[in-house]
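Residue strings, one per chain:
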Amino acid sequence: MFVDSHCHLNFPQYADVLDQLRADMAQSGVDRALCISTTLEEFPQVHDLAMRFDNFWATVGVHPDNEGVQEPSVDDLVSRSKLPRVVGIGETGLDYFRLGERTVADMAWQRERFRVHIRAAQQTGLPLVIHTRQASEDTLAILAEEGQGKVGGVFHCFTESQAVARAALDLGFYISFSGILTFKTAGDIREVARFVPIDRCLIETDSPYLAPMPHRGKTNSPAYVSLVAKQLAEIKGVDVEELGRITSANFEELFSLVRNL
Ligand code: NI
């Protein structure tokens, strides 16, 4: 019924609990999950999950926050994306939240890495999984410039303004909401969720991070995407089964899973 469109199940905390995690998913009506790559070094493990389990898929990409890791070329991404069950490029994007001592000008390497991912998406026709934090202006500008309207994808774990959502929708992107939607303090994100058309919404957990209420602060799990669905269904004024049906169809449409089955 539900799809977790973004999770990191190769992370070490899941190594010994995968069977239980999958049983919890089934129990909560979560029938599929997309395993997101954040470095090339970890990609083999991410891909292995998608090969071992027929309701897991994988992406290939290097997260903007990862430094001191192998820097991907377009070919690195394109060649891995041709492997079976790889359905997207990312996660990629820009993050100016962790600048530390640096200025935005110092983050040219991050913008270049983002451009490499966009080029790989263009070459393969695969959707991008976008992470943007305190960098939405540059993220949108680079997508528009580099993508030239020919790339699509999803803005994951959306925490930006309605104006940014509007701009992302205008570029043809989907918007994915996480457990943040259930946090008491997230009234503004719920307003954005009200605004985004239901046929452009996805749901995710971003496991192991951002567990929804009432599990906030604990290790997240794909099963909990059902709680994100419940919250989004309330916001949209539809029942949760309908919300599950629509967001699952959106997921299939974006990642063209029919082609990959
Ligand atoms: Ni992530």
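Residues numbered from 1 in each chain as written. Predicted model: local features only at pLDDT ≥ 70, side-chain atom pairs only at ≥ 80, totals over all residues. Heavy atoms only, no water.

**Student:** Describe helix H7 (residues 187-195), with residues and values.
**Tutor:** Considered for burial, the residues of H7 that qualify are Ile-189, Arg-190, Val-192 and Ala-193. The buried residues of H7 all sit within an arc of 155° when viewed along its axis, so they share a single face. Those residues of H7 that are buried are in contact with helix H6 (162-170), strand S7 (174-177) and helix H8 (225-236). (Buried < 20%, exposed > 50% of the residue type's maximum accessible area, 1.4 Å probe, protein only. Helix = DSSP H or I, 4+ residues; strand = E, 2+ residues; numbered from the N terminus. Arc of directions from axis to C-beta. Contact = heavy atoms within 4.5 Å.)

**Student:** An account of the pairing of S7 is needed here, citing residue identities and associated values.
**Tutor:** Taking every second residue as pointing to the same face, both faces of S7 are buried, with Tyr-174 and Ser-176 on one and Ile-175 and Phe-177 on the other. One crossover worth recording links strand S6 (residues 153-155) to the parallel S7 by way of H6, and it is right-handed. For S7 and strand S8 (residues 201-203), the ladder comprises 3 bridges, and the chain directions are parallel. Paired with Ser-176 across the strands is Leu-202, a residue of S8. You can see the chain leave S7, run along H7 and come back into S8, and the turn it takes is right-handed. (Right-handed = clockwise from strand over helix to strand, strands pointing away. Pairing = 2+ DSSP bridges.)

**Student:** Residue-level account of helix H1 (residues 18-27), with values.
**Tutor:** For H1, every residue scored as buried is listed here: Leu-18, Leu-21 and Met-25. Each buried residue of H1 sits inside an arc of 60° when the element is viewed along its axis, so together they form one side. In H1, the exposed positions angled more than 90 degrees off the buried face are occupied by Asp-19, Ala-26 and Gln-27. Where H1 is buried, its residues contact strand S2 (30-35), helix H2 (43-52) and strand S3 (56-60).

**Student:** Before we move on, can you summarise the pattern of salt bridges with the specific residues and values?
**Tutor:** Under the counting rule described, the total for this entry stands at 15 salt bridges. Its salt-bridge partner being Glu-252, residue Arg-32 comes within 2.7 Å of it at the nearest N-O pair. Here the residue Arg-32 occupies a position in strand S2, and Glu-252 occupies one in helix H9 (residues 240-255), the gap between them amounting to 220 residues. A salt bridge links Asp-48 to Arg-52; its shortest N-O distance comes to 3.3 Å. Here Asp-48 and its partner Arg-52 are both found in helix H2, 4 residues apart, which amounts to about one turn of the helix. Given the relative accessible area of 34%, Asp-48 is considered partly exposed. One connected set of salt bridges, linked through shared partners, spans Glu-112, Arg-115, Arg-119, Glu-145 and Glu-146. (Salt bridge = Lys/Arg side-chain N within 4 Å of Asp/Glu carboxyl O.)

**Student:** Outline the packing of aromatic side chains, supporting the account with residue identities and numerical values.
**Tutor:** Overall, the coordinates contain 6 aromatic pairs when judged by the stated rule. Centre to centre, the rings of Phe-11 and Tyr-209 are 6.2 Å apart; their planes meet at 80°, and the pair counts as edge-to-face. Of this pair, Phe-11 sits in the loop between strand S1 (2-7) and H1 while Tyr-209 sits in the loop between S8 and H8; the two residues are 198 residues apart in sequence, bridging distant segments of the chain. Overall, the relative accessible area of 15% leaves Phe-11 in the buried class. Look at Tyr-209 and you get partly exposed, because its relative accessible area is 44%. Arg-216 extends its terminal NZ or CZ atom over the ring of Phe-183, reaching a point 3.7 Å from the ring centre. (Phe/Tyr/Trp six-rings, centres within 6.5 Å; stacked < 30°, edge-to-face > 60°. Lys NZ or Arg CZ within 6 Å of the ring centre and 35° of its normal.)

Don't take any of this as a statement about function, it's just geometry.
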